[in-house]
Amino acid sequence: ACYTKVEKDTCIACGACGATAPDIFDYDEEGLAEAILDGNRGITEITGDLEEDLIDAEEGCPTESIQVSDQPFETPVTNK
Ligand code: F3S
């Protein structure tokens, strides 16, 4: 399993990731990609077929803006 978010500073809105992994990535009003599962926070575990789509999207991004990690990008907020 892994986690993902988009580095919007380097995304050039090419559109490849949303075509490759439409269940993971969509675009904001400027056309920049973002992970839709958790508001681009990179805290939702991605498994199974979605993980395969994610790796394809990561490899297909021309600017390497799709960040993938085996750890969450943020520590989930807990109460107290
Ligand atoms: Fe941006 Fe890369 Fe997707 S440039 S639109 S994150 S494939």
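These remarks concern the structure in this document. Small disclaimer: the values here were computed from a predicted structure and weren't measured.

1. Observations concerning the state of the cysteines
Covalent bonding between the sulfur atoms of two cysteines is what defines a disulfide. Scanning the model with the defined rule gives 0 disulfides in all. Here Cys2 stays free of any disulfide, with the sulfur of Cys17 as its closest cysteine sulfur at 15 Å. Of the residues examined, Cys2 reaches a relative accessible area of 5% and is grouped as buried.

2. Digging into the site of the ligand
Neighbouring residues of the ligand: 14 residues in total, closest Cys11, Ile12, Gly15, Cys17 and Cys61. Spatially, the ligand is embedded in the largest cavity. A class-by-class count of the residues in the shell around the ligand yields 11 nonpolar, 3 polar and no charged.

3. Quick look at the nonpolar core
Cys17, Ile24, Phe25, Leu54, Ala57 and Ile66 are the most contacted members of the largest nonpolar core, which totals 15 residues. Those residues in contact with Ile66 that sit more than four places away from it in its chain are Thr4, Lys5, Cys17, Phe25, Leu54, Ala57, Glu58 and Cys61.

4. As for the pattern of salt bridges
Counting across every chain of the model gives 3 salt bridges. Among the salt bridges present, the one from Lys8 reaches Glu34, with a minimum N-O distance of 2.7 Å. Of the two residues, Lys8 sits in the loop between strand 1 (3-6) and helix 1 (16-20) while Glu34 sits in strand 3 (residues 33-35), which places them 26 residues apart along the sequence. Given a relative accessible area of 24%, Lys8 falls into the partly exposed group. Of the charged contacts in the structure, one is a salt bridge between Arg41 and Glu74, with a shortest N-O distance of 3.1 Å. Residue Arg41 is found in the loop between strand 3 and helix 2 (48-60), and its partner Glu74 is found in the segment after strand 4 (66-69); the two are separated by 33 residues along the sequence. A single salt-bridge network, built from bridges that share partners, covers Lys8, Asp28 and Glu34.

Criteria and thresholds
- Residues numbered from 1 in each chain as written.
- Predicted model: local features only at pLDDT ≥ 70, side-chain atom pairs only at ≥ 80, totals over all residues.
- Heavy atoms only, no water.
- Disulfide = S-S within 2.5 Å.
- Buried < 20%, exposed > 50% of the residue type's maximum accessible area, 1.4 Å probe, protein only.
- Near = heavy atom within 4 Å.
- 1 Å grid on protein atoms, 1.4 Å probe; cavity = no way out; pocket = protein on both sides within 12 Å on 5 of 7 lines; lining within 4 Å.
- Sits in = over half its atoms within 2 Å of the grid points.
- Nonpolar A, V, L, I, M, F, W, Y, C, P; charged D, E, K, R; others polar.
- Core = buried A, V, L, I, M, F, W, Y, C linked by side-chain atoms within 4.5 Å.
- Contact = heavy atoms within 4.5 Å.
- Salt bridge = Lys/Arg side-chain N within 4 Å of Asp/Glu carboxyl O.
- Helix = DSSP H or I, 4+ residues; strand = E, 2+ residues; numbered from the N terminus.

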